[in-house]
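Below, each chain spelled out in residue letters.
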Amino acid sequence: MENTPQVVIQDAGAPAELAAPKQPKPRGPSKAQQLNKLYSLPAPLRTFPLPTFLPQNPLSLLHIAYAWAKQVIAPESSHFPELYEAFFSPDNRCVFVLEERSVRGLWEQGFYGKGSLSRSEPSWLDREKKRRGAGKALTSEDITRKRREERQQTKWERARKEREAIDAKLQEEAIAAFSLQSPPSPTQPTPPMLDRPPTFSSWHEGLKYVYASVAAPVTPEYLLKLPNSPCDVDSKLCVVGAEQRVEKILLCTSKFSPAPAPVTPERLLGLPNSLHDIGVKVITVEAALSNKEPLIYTLNFPATVTKDVSIDDSEPVIDIDPLPTPLGTSMEEANGAAEIVLNGTANGTHRRKSVRFSPTVEETTFIKSEPPSPERAAQHENAAEVEVAIQNQEHYQLTLEEAFFLSYGLGTLSIKSAATGLPISASEMFTQFRTCYRFPPKQLPLTLEPDDPFVISYLVYHHFRSLGWVVRGGIKFSVDFLLYLRGPVFSHAEFAVIILPSYTDPHWSSTPELCAYVAGKERSWSWLHCVNRVITQVQKTLILVYVEIPKPQDDETNMAVDKILRRYKIREIVLKRWLSNRSRD
Amino acid sequence: MAKADIEDEHRDVGSDTITEPVSISLIAGRYLLFDINVVTYLRRTHNICGVLIGGIPQIPQQNVFLGLPLELLPEEARLLVEKRVAYIVDDTAWHKPKFSTLSGEERRRYLDSLREAGLKSKRAADEGAKKRQAHGLAKEAATRRAKGALKPDSDEKDIPDSAKEVSDSLFGDERPQSPTPSTISVSNKPHAITPTTTYPPLSLPDIPTEEAKPPVPSSYPLFTHLHSRGYFTTPGLRFGCDYTAYPGDPLRFHSHFLATGYGWEEEIPMLDIVGGGRLGTGVKKGFLIGGAESESSTEGDNVRTFCIEWGGM
């Protein structure tokens, strides 16, 4: 019925909406329509299409003629009257944009650049507002985080179910074994297995039994408890007699087994890092109990805690390791933003954050919509004040290819030096970008090599941009570029691009030194397999882009940028992992 | 002859009698093993797996399951040579002059050994046939008895029919109906044998004391490091790495690491680390990189390894 369910949820609290639920609301534009409107310009350029010709309205011809004449006589620039503005800082090897208009324009008209504190679209301010309870906008980071949380939850659920299945099976087997061991009743025929009931007299059999009784380490907790090598086990066991040894280990295992497998992220974070931790924790609790002090600590085994100490869920519990701290002198005062930890209440709305810059682990859990601590809640009552206080800490970054394409290729961006604030010319920018593209940056003066990495990379970027693809960096998928059909907000990337310089010119095989140089640039088959598998995993298609490297020319350093770029050729090869077994119909 | 026979018997029984060093055939740049006993011995004793590359004669139209010969990686061959477990024999260079000039007593012995092997195979086949026949007859007798118990009146008619049926089913598939199906007359002719190796007649070249070691890629230190820690390794091309490392026999375990070797001073592209980490985490393995430290004060193995995991998956 409702095409935008989230709006309904948000408005559910408003009494006005509840009062008149029957009133048909004017249907707003759909999400796709909104996106199409917001991202209607595929490039930061203005176009002047001729008006449509309407046969039933002869006057439209006049309109067309007027528009055409206007373009012919006094052509308007396709650039915006005010160019977008960016600054280039060679020290940071970065082109950044500060002005809000330029940021929005560059993002919405062709998806150039990224926010320095965001995954792609600059959304730090929105998230910050939301975090402080002043905004409600749902950013892409929120969606991603939500999806990850869900995925993690599913994994824990699966782990729990697997665990349960194993336990059930073990129980079943234990019952079966028990029935075998029990003395045969006269009515039942004796099974042949009963001739030799399991005995643990010999050392080896005992050891086998011990190993069998340890559950397979399906959870991190169990993994941590396992000995590092059989040698550990042996050294532990060599001290006492065979029978005792077996018993001892059996004891150990039975001691561990009641601890439930962690089935939520909270519990995983609460797990001890080593056996040593467990010992400390248990001791502290015992000490606390003996002193009868009203101290409560979070424990790594909630089952144990609930047995020994009654946890009041509403009471704040502080997790401090390893020294116990009374409630009053907690970190809450120490750093002002520490938070309540509720280990037992694994509530979906609570999230836990751990900061590990200090030797002790400080953890907080907070409800997303709530302010960080109840004490501060009063301060944040009125959201308007906060909004004024928040200053946008984020700036917008352009990669060097993007910046060069926007300024040199399209001419819609004016790049200024961050140091002087003066505009940089195209050839100057070309040199500076080439210098900055490598790490560590090469010192000027720099002779232009034909296989300069910036030149190659820019060529490929320009190539795909001019074919209409939205090109973005692909380091997260271990490729050079990702190609989006219309943009990242519309669909996932279709193709992943890897740039390979190709030295087919005879010049490159003329001398042994050059041959060795070219051989050093070759990549291995295993590298290609690795990249291809990664790309196939994320359901994209790999494109190998070969850039033909021309032979070097003498005056190349002083050549115009157009002339330099014109000497290169680009070939594309689409690569796909194909298995005869899987691809058979 | 007799000695060779005994040796043969022993080799069939088990791989315990493998005497080190074993020979690795170098053919067209590949290090190959042709003897199944050597293959199992190396796998069991020295954690060397290799890759089976030969087709299986009975099921030739697939390449999922492969048989002998076993190809060893250059690293594996080098390791075996360095540990003096094996030595390399250039098969072409050794075989050609020896085999073409085979004559007189040697030649006769070689032909005899072939004939002997053929007879042995023949005998085994005949025994199998006999066993099947006996089994079929016993089964037939059992059914006849059961039928006889059920219908004692009509046994006169049934016996010849069913007997004929059984005889058809017994021999129809395996050999054509011949007028004289006598095993004795056929048994004189041995099976034709194609030996997998020509070594028994051509006594092997002397074990060279100091020989050229197989050339290995730069990831060899990592390979020896993993091997010394008891890991089994297989070639890692499938996963885009140098080796996949298994904690035990690959038949029992999944691999734990995708290992890639680098030189100590070699620059590792950032994209490679991202790709390897993503792939390793995606297939629930660790992406392991390692290399030999060039200047190290410690004795022996100076390989250091690092494991990389992709966090966002």
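Computed from a predicted structure; not experimentally measured.

A. Examining the overall build of chain B more closely. Counting its secondary structure elements, chain B contains nine helices and 10 strands. Intrachain contacts of chain B at a sequence separation of at least 6 include 61% that bridge at least 24 residues. Surface exposure of chain B reaches about 19800 Å², of which carbon and sulfur atoms provide 56%.

B. Highlighting helix α18 (residues 400-410) of chain A. Residues and elements named next belong to chain A. Extensive coverage of α18 is indicated by the burial of nine of its 11 residues. Listed as buried for α18 are L400, E401, E402, A403, F404, F405, L406, S407 and L410. Looking one or two residues beyond α18, the residue adopting positive phi is G411, at roughly 75°.

C. Highlighting the interface of chain A and chain B. Residue-level contacts link 20 residues of chain A with 21 residues of chain B. Area buried by chain A at its contact with chain B is led by A:C530, A:R533 and A:Q537, which between them contribute 29% of it. Across the chain A-chain B interface, the total number found is one salt bridge. Here A:R523 and B:D272 are joined by a salt bridge, their closest N and O atoms 2.6 Å apart. Inspection of the chain A/chain B interface yields five residue pairs in polar contact (both at pLDDT 80 or more). Of all elements in the fold, only α7 (140-181) and α22 (525-537) of chain A reach the threshold of two or more residues within the side of chain A that touches chain B.

D. Here's a closer look at unusual backbone geometry. Here the bond from B:L68 into B:P69 is cis, since omega is 0°, no more than 30 degrees from zero. Following the sequence through the fold, B:P69 ends up in strand β4 (residues 67-72). One non-glycine residue, A:F111, lies in positive phi territory at about 55°. Mapped onto the elements of the fold, A:F111 is located in the loop between α5 (100-108) and β3 (114-115). Using a relative accessible area of 2% as the deciding quantity, one classes A:F111 as buried.

E. Quick peek at the state of the cysteines. The full count for this structure, using the stated rule, is zero disulfides over all chains. The thiol sulfur of B:C241 is not disulfide-bonded, and the nearest other cysteine sulfur, from A:C530, lies at 8.0 Å.

F. Highlighting the packing of α18(A) against helix α20 (residues 453-466) of chain A. Residue and element names in this part refer to chain A. Their axes nearest at 10 Å, the elements α18 and α20 cross at an angle of 65°. With respect to the hand of their crossing, α18 and α20 are arranged in right-handed fashion. Mapping the contact onto sequence places L400, E401, E402, F404, F405, Y408 and G409 in α18 and F454, S457, Y458, Y461, H462 and R465 in α20. Its residues assigned to classes, the contact of α18 with α20 shows seven nonpolar, three polar and three charged.

G. Representation of the packing of helix α3 (residues 74-82) of chain B against helix α8 (residues 220-228) of chain B in the model. All names here are of chain B. Interhelical geometry of α3 versus α8 gives an angle of 65° and a closest axis separation of 10 Å. For the pair α3 and α8, the crossing hand works out as right-handed. Listed contacts from α8 to E75, E76, R78, L79 and E82 of α3 are Y220, F223, T224 and H227. When grouped by side-chain class, the residues that make up the contact of α3 with α8 number three nonpolar, two polar and four charged.

H. Representation of a nonpolar patch on the surface. Together, A:L50, A:W68, A:V72 and A:I73 give the surface a local cluster of nonpolar side chains, amounting to about 480 Å² of exposed area. As for its placement among the helices and strands, A:L50 is situated in the loop between α3 (31-38) and α4 (59-73).

I. Just a positive patch on the surface, in detail. On the surface, A:R119, A:R147, A:R148, A:R151, A:K155, A:R158, A:K476 and B:K284 cluster together into a positively charged patch. Here A:R158 lies in helix α7. By relative accessible area, which is 46% here, A:R158 ends up partly exposed.

J. Examining the nonpolar core more closely. Counting residues in hydrophobic clusters, the biggest one holds 71 residues, and the most contacted among them are A:L106, A:L398, A:F433, A:V479, A:V497 and A:L542. The biggest single contributor to this core is α20(A), with eight residues. Residues in contact with A:L398, not counting those within four places in the same chain, are A:A86, A:V95, A:V97, A:L106, A:Y112, A:G113, A:A403, A:L406 and A:L413. Listed in part, the 29 residues of the second largest apolar core include B:I18, B:I24, B:I48 and B:L79.

K. Molecular detail of the packing of aromatic side chains. All chains considered together, the criterion is met by 26 aromatic pairs over all chains. Ring centres of A:F404 and A:F433 lie 6.1 Å apart, and the angle between their planes is 65°; on these two criteria the pair is classed as edge-to-face. Separated by 29 residues along the polypeptide, A:F404 in helix α18 and A:F433 in helix α19 (residues 426-437) bring together distant segments of the chain. Centroid distance B:Y220 to B:F223: 6.4 Å. Interplanar angle 20°. Geometry classified as stacked. One end of the pair, B:Y220, and the other, B:F223, are both in helix α8, three residues apart, so they sit about a helical turn from each other. Residue B:Y220 is classed as buried on the basis of its relative accessible area of 8%. An aromatic cluster is defined as three or more aromatic residues linked by ring pairs; in this entry it consists of A:F88, A:F404, A:Y408, A:F430, A:F433, A:Y437, A:F454 and A:Y458. Against the face of A:Y112 rests A:R465, its NZ or CZ located 3.9 Å from the ring centre.

L. Seen up close, the side chain of A:E108. All names here are of chain A. Its location among the elements puts E108 in helix α5. According to the relative accessible area criterion, E108 is buried, its value standing at 17%. Not counting the four nearest positions on each side in its chain, E108 is found in contact with L38, Y39 and L41.

M. Highlighting the UniProt feature "active site" (unreviewed entry) in chain A. Residue and element names in this part refer to chain A. Feature annotation in UniProt places "active site" (unreviewed entry) on Y484, H492 and K540, given in this structure's numbering. Spanning 57 residues, the annotated positions come together in the fold, the maximum distance between their C-alpha atoms being 10.6 Å. Turning to its location among the elements, H492 is positioned in the loop between β9 (481-484) and β10 (495-502). H492 has contacts with Y484 and K540, leaving out every residue within four places of it along the chain. Position of K540 among the secondary structure elements: in the loop between α22 and β11 (541-548). Among residues more than four places away in sequence, those in contact with K540 are F477, L482, H492, A493, E494 and I535.

Cut-offs used in this document
Residues numbered from 1 in each chain as written. Chains lettered and ligands numbered in written order. Predicted model: local features only at pLDDT ≥ 70, side-chain atom pairs only at ≥ 80, totals over all residues. Heavy atoms only, no water. Helix = DSSP H or I, 4+ residues; strand = E, 2+ residues; numbered from the N terminus. Contact = heavy atoms within 4.5 Å. Areas by Shrake-Rupley, 256 points an atom, 1.4 Å probe, with all protein chains shown as cover. Buried < 20%, exposed > 50% of the residue type's maximum accessible area, 1.4 Å probe, protein only. Buried area = accessible area lost by both parts, 1.4 Å probe. Salt bridge = Lys/Arg side-chain N within 4 Å of Asp/Glu carboxyl O. Polar contact = N/O pair within 3.5 Å; in protein donor to acceptor, adjacent residues only side chain to side chain. Disulfide = S-S within 2.5 Å. Axes fitted to C-alpha atoms, helices over the stretch in contact; angles between N-to-C directions. Left-handed = near helix turned anticlockwise from the far one by under 90°. Nonpolar A, V, L, I, M, F, W, Y, C, P; charged D, E, K, R; others polar. Patch = residues over 30% accessible without salt bridge, like charges linked within 9 Å, V, L, I, M, F, W, Y side chains within 5 Å. Lys, Arg positive; Asp, Glu negative; His and termini not counted. Charge placed at Lys NZ, Arg CZ, Asp CG, Glu CD. Core = buried A, V, L, I, M, F, W, Y, C linked by side-chain atoms within 4.5 Å. Phe/Tyr/Trp six-rings, centres within 6.5 Å; stacked < 30°, edge-to-face > 60°. Lys NZ or Arg CZ within 6 Å of the ring centre and 35° of its normal. UniProt positions renumbered as here; feature names shortened; annotations may be inferred.

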